[in-house]
Amino acid sequence: MSDTILEVRDLRVTFDMYQGAVQAVRGVSWHLNRRETIGIVGESGCGKSVTIKTAIGLNPVSSGSVKGGEVLFEGTDILRLSEKERRDILGNRMSMIFQDPFTFLNPTMTVGRQIMEVYLQHHKASRREAREKALDILRLISLPNPEENLKRYPHQLSGGMRQRIMIAMALICEPAVLFADEPTTALDVTIQAQIVDLMNSLKEKVDTSIVLITHDMGVVAKMVDRVYVMYAGKIVEHGEAQTIFHHPRHPYTWGLLESVPRLDEKTQDDLPSIPGMPPDLIAPPAGCPFAARCRFCMGICGREAPPEIRLTDPEDGRDHTASCWLCHPECIARNGKTEWRAAHD
Amino acid sequence: MAKYLLQKVLIALATVFVLATATFFMMKLIPGDPFASLTTKIEVQERQREYYGLDKPVVEQYLTYMNNLLHGNLGYSLKKTGRTVVDIIREAFPVSAKLGLFSFIIAELIGYLFGILCAQFRGKWPDYLLMIFAVLGIAMPSMVIGPLLRWLFGVVLRWLPVTGWGSFQQMLMPAFVLGLGTIAGNTRAMRASMLGTMTQDYIMTAQAKGLPKAKVVMRHEFKNSLVPLVANLGPGIAGVMMGSFVVESMFLIPGLGRYFVDSITNLDYPLIMGLTIFYGTFLVTLNLLVDVLYGFLDPRIREAVKGAA
């Protein structure tokens, strides 16, 4: 476990709303190893963003509060640090790339100042040194004309360039952990591919580990070592990316994979989607949160939440867990193993 | 940029021209006669009218006036014998301007500060306290707040002089009374603007950089919140610098404010014209400056300006 750089244990976050407390994150655990990329996938509102914003120490919103759990970064619990200690890590040892480069950059500040600001905050350096550092990082992310672009304002740059600026801001202090909250969602498809390649190469150059949040399974396939599938504030399945793509066990993961458009199949059918809506997290269901939308739903699913069941990968025996009654030994003994039979398999 | 400025200046000149023309004819519509008086002989009154050219047709008077105006000559006051309008403005305006500028600067600073505090402590007691103050500041006219302050600081506490002009202490109370509305307005405007800015995505970026709260607020929130408020600067500063009749009368300050009222009740035609044109030109100039200032705050506006030129 010494290789683990960041570990989230049984994290619970709720938001106090007028209608009641929304349990956005309900006991989530994951870990990140050094020089690894993990992906947290799931649909909008499943709690992925809240999880990482809490993990990095950004208060998601004023009404949100952490109800339990710990976030261990290099062995210290982030949630128990003082405001000052937390800020010293933020942007420095752990940093974040946000989703939308159009709204997450300050419109009234040159991008150069925005990049240098991070470095100056965390290092005793002169402006000149910070500028040199900013130029270095812009060269590293291969932004054309770094000298000129430093003096530009965000609105003068294209979406892809702005996202590179966001990445530069996040990497200038060479963080140990980089969080990326859907870093490609707001970009054109061709730019998405560039950004993915860039992040993959930077991971080696800067020696950082990445926590990627996305609902784009294509990005997962290109970047991620291990996948955590989140649904309704819980991790429902976890495994190596290969395992998740080839031997998924949770019906929700099946649904996610089925709804990826495929170019290699000629079909007239509509793109499959998961019917229904995620459950109301003010009063989460007693049983499996996915039961109402699951085509394999059994009697027990509505009554009792499934435990996290350890599964061994049939090929290499690597870690794989799923929280689904279908994977329970008793269920398998009675009904046989329910396999994913998607159209293209 | 030069073309843009030239365009703005031309529009400003046209505005002043229209203002002067409209004022001239409206002024002539006021019934009465500046020299009508029971004690002055009719012949004397007529001679005065002849001397000032008031017996000529209105259009001719207008043309003469506009010609003089082009040469910077605003004429003689009809009531303050022997004094030109330019003299009066030259003497009284610095007083009003000094008071107004001082008042304006402290009012802007206090207003922004209060607005920032309100936004940062939204829904907590500093917010409520300052908003009550702001509502009072807007609701209470200076003729109410002025005497109350003079009574408190001048009579009861004896900290500040009750009236007069000259020393810094004498400037404090009138400046505050004059600026109260600006403070209140700015508090509300800054609060609303900053509450909007605080929820912007780039503020989260700033927090994620590990910046301390003060830097996030001043560097990222304040400047972006200031942009919509800049539009109020021009009219605001012109308003207070032209002097307030109420405040200047109350504190016995020899400023421009009382001439505005006196000139109209006295039908002192050249003075009415002179003050209106002076005020108008001043306002238009300040608005021009504000347009330029906008560009400094928001690069996107600067760009639009360059594009238009």
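In this text the structure is predicted, and so the values were computed from the model without any measurement. (Residues numbered from 1 in each chain as written. Chains lettered and ligands numbered in written order. Predicted model: local features only at pLDDT ≥ 70, side-chain atom pairs only at ≥ 80, totals over all residues. Heavy atoms only, no water.)

Enquirer: Just to check I follow, could you spell out the overall build of chain B for this structure?
Expert: On a plain count of helices and strands, chain B comes out with 14 helices and 0 strands. Going residue by residue from the N terminus, the α and β elements of chain B occur as α-α-α-α-α-α-α-α-α-α-α-α-α-α. Counting only residues that meet the buried cut, chain B has 45% of its 309 residues in that class. Taking contacts inside chain B between residues at least 6 apart in sequence as the whole, the part at least 24 apart equals 74%. For chain B, the exposed area adds up to about 15,900 Å²; of that, 69% sits on carbon and sulfur atoms. Taking the average location of the 27 positive side-chain charges in chain B and that of its 18 negative ones, the two points are 11 Å from each other. (Helix = DSSP H or I, 4+ residues; strand = E, 2+ residues; numbered from the N terminus. Buried < 20%, exposed > 50% of the residue type's maximum accessible area, 1.4 Å probe, protein only. Contact = heavy atoms within 4.5 Å. Areas by Shrake-Rupley, 256 points an atom, 1.4 Å probe, with all protein chains shown as cover. Lys, Arg positive; Asp, Glu negative; His and termini not counted. Charge placed at Lys NZ, Arg CZ, Asp CG, Glu CD.)

Enquirer: Which parts of the structure should I look at to understand the overall build of chain A?
Expert: What chain A contains, in helices and strands, is 12 helices and 12 strands. The globule rule puts the C-alpha radius of gyration for 345 residues at 20 Å, and the 21 Å found for chain A is close to it. Expressed along its principal axes, the backbone C-alpha trace of chain A runs to roughly 70 × 50 × 40 Å. Residues counted as buried form 53% of the 345 residues belonging to chain A. (Rg over C-alpha atoms; globule rule 2.2 N^0.38 Å.)

Enquirer: Explain the packing of helix α5 (residues 125-139) of chain B against helix α7 (residues 168-198) of chain B to me, please; I cannot follow it from the model alone.
Expert: In helix packing, the relevant descriptors are the interaxial angle and the interaxial distance, both defined with respect to the helix axes. Residue and element names in this part refer to chain B. Orientation of α5 relative to α7, taken along the N-to-C sense of each, is 130°, at an axis distance of 8 Å. Comparing their axes, α7 and α5 come out oblique. Considering the relative orientation of α5 and α7, their crossing is left-handed. For the pair α5 and α7, contact is made by Asp-127, Met-131, Phe-133, Ala-134, Val-135, Gly-137 and Ile-138 and by Phe-176, Leu-180, Gly-181, Ile-183, Ala-184, Gly-185, Thr-187, Arg-188 and Arg-191, respectively. Looking at the contact of α5 with α7, its residues break down into 9 nonpolar, 4 polar and 3 charged. (Axes fitted to C-alpha atoms, helices over the stretch in contact; angles between N-to-C directions. Parallel < 35°, antiparallel > 145°, perpendicular 65-115°, else oblique. Left-handed = near helix turned anticlockwise from the far one by under 90°. Nonpolar A, V, L, I, M, F, W, Y, C, P; charged D, E, K, R; others polar.)

Enquirer: I keep staring at the nonpolar core and nothing clicks. Help me out?
Expert: Taken as a class, soluble globular proteins show a tendency for nonpolar side chains to be buried jointly. Of all hydrophobic cores here, the largest spans 108 residues; its most connected members are Leu6(A), Trp30(A), Ile115(A), Val177(A) and Phe179(A). No other element matches the 7 residues that helix α6 (residues 159-171) of chain A contributes to this core. Setting aside chain neighbours within four positions, we find Leu6(A) in contact with Trp30(A), His31(A), Leu32(A), Val71(A), Leu72(A), Phe73(A), Met94(A), Val177(A) and Phe179(A). Leu74(B), Ile88(B), Leu233(B) and Ile272(B) belong to the second-largest nonpolar core, a separate cluster that totals 66 residues. (Core = buried A, V, L, I, M, F, W, Y, C linked by side-chain atoms within 4.5 Å.)

Enquirer: So what exactly am I meant to see when it comes to the interface of chain A and chain B here?
Expert: Size of an interface, as often reported, equals the accessible area lost when the parts are brought together. With 24 residues of chain A in contact, the opposing surface of chain B contributes 22 residues. Each partner contributes to the roughly 2,200 Å² buried at the junction of chain A and chain B, and carbon and sulfur atoms together form 57% of this total. It is Thr108(A), Glu117(A) and Gln121(A) that lose the most area in chain A upon contact with chain B, and together they represent 26% of the buried surface on that side. Counting across the interface, chain A meets chain B through 2 salt bridges. Notably, a salt bridge pairs Glu117(A) with Arg219(B), separated by 2.8 Å at the nearest N-O pair. If you tally residues by element for the side of chain A that touches chain B, the top one is helix α3 (residues 111-122) of chain A, at 6 residues. Taken together, the residues of the side of chain A that touches chain B sort by class into 11 nonpolar, 9 polar and 4 charged. (Buried area = accessible area lost by both parts, 1.4 Å probe. Salt bridge = Lys/Arg side-chain N within 4 Å of Asp/Glu carboxyl O.)

Enquirer: Where do I start with helix α7 (residues 189-206) of chain A in this structure?
Expert: All names here are of chain A. When the terminal C-alpha atoms of α7 are compared, their 25 Å separation across 18 residues agrees well with the 26 Å that a helix rising 1.5 Å per residue should span. Along α7, the residues that are buried comprise Gln-192, Ile-195, Val-196, Leu-198, Met-199, Leu-202, Lys-203 and Val-206. On an axial view of α7, the arc spanned by its buried residues comes to 165°, and they lie on one face. Set apart from the buried face of α7 by more than 90 degrees, the exposed residues are Thr-190 and Lys-205. Phi turns positive one or two residues past the end of α7, at Asp-207, with a value near 60°. (Expected span 1.5 Å × (residues − 1). Arc of directions from axis to C-beta.)

Enquirer: Before we go on, may I ask you to explain the sheet that holds strand β3 (residues 37-41) of chain A in this structure?
Expert: Two orientations exist for strands paired in a sheet by backbone hydrogen bonds: parallel and antiparallel. All names here are of chain A. Spatial strand order, β6-β7-β8-β3-β9-β10-β12-β11: 8 strands in an open sheet with mixed pairing. Two strands lie at the open edges of the sheet, namely β6 (94-97) and β11 (309-312), each paired on one side alone. Adjacent strand axes in the sheet meet at a mean angle of 20° when their direction is disregarded. Here β11 runs beside strand β12 (residues 319-322); their pairing, made up of 4 bridges, is antiparallel. When the sheet's bridge partners are listed, Ile-309 is paired in β12 with Ala-322. Sheet strands touched by α6: β6 and β7 (177-181). Its angle to β6, the strand with the most contacts, is close to 175°. (Pairing = 2+ DSSP bridges.)

Enquirer: Just to check I follow, could you spell out the pairing of strand β2 (residues 20-33) of chain A for this structure?
Expert: All names here are of chain A. Inspection of the sheet shows strand β1 (residues 4-17) paired to β2 by 11 bridges, in the antiparallel sense. Its bridge partner being in β2, Arg-12 is matched across the sheet by Arg-26. Remark: 2 residues form the turn of the hairpin made by β1 and β2, two consecutive strands paired antiparallel.

Enquirer: Mind showing me how you'd approach a negative patch on the surface here?
Expert: On the surface, Glu43(B), Glu46(B), Glu50(B) and Asp55(B) cluster together into a patch of negative charge. Of note, Glu43(B) is situated in helix α2 (residues 42-51). (Patch = residues over 30% accessible without salt bridge, like charges linked within 9 Å, V, L, I, M, F, W, Y side chains within 5 Å.)

Enquirer: Sorry if this is basic, but what is going on with a nonpolar patch on the surface here?
Expert: Residue and element names in this part refer to chain B. Taken together, the side chains of Trp-151, Leu-152, Val-155, Val-156, Leu-157 and Trp-159 make up a nonpolar region of the molecular surface, amounting to roughly 610 Å² of accessible area. For Trp-159, the position within the fold is in the loop between α6 (142-156) and α7. Taking relative accessible area as the criterion, Trp-159 reaches 59% and is therefore assigned exposed.

Enquirer: Where do I start with the pattern of salt bridges in this structure?
Expert: Where charged atoms of side chains with opposite charge meet at close range, the side chains can pair. All names here are of chain A. Here the structure, examined in full by the defined rule, presents 26 salt bridges over all chains. Here Glu-148 ties to Arg-152 by a salt bridge, and the two come within 3.6 Å at their closest N and O atoms. Given a relative accessible area of 44%, Glu-148 falls into the partly exposed group. One salt-bridge network, in which partners are shared between bridges, spans Glu-7, Arg-9 and Glu-70.

Enquirer: What's the story with the packing of aromatic side chains in this structure? I'm lost.
Expert: How two aromatic rings sit relative to each other is given by the distance of their centres and the angle of their planes. All names here are of chain B. Under the defined criterion, the tally for this structure stands at 17 aromatic pairs over all chains. Both rings, one in Tyr-112 and one in Phe-222, keep their centres 6.0 Å apart while their planes meet at 70°; by these two values the pair is edge-to-face. Linking Tyr-112 in helix α4 (residues 85-120) with Phe-222 in helix α9 (residues 213-226), this pair joins segments that are 110 residues apart in sequence. With relative accessibility at 18%, the residue Phe-222 sits in the buried group. The interplanar angle of 35° and the centroid separation of 5.8 Å between the aromatic rings of Phe-153 and Trp-159 together place this pair among those described as tilted. An aromatic cluster is built from Phe-24, Phe-25, Tyr-62 and Tyr-65, whose rings are joined through pairwise contacts. (Phe/Tyr/Trp six-rings, centres within 6.5 Å; stacked < 30°, edge-to-face > 60°.)

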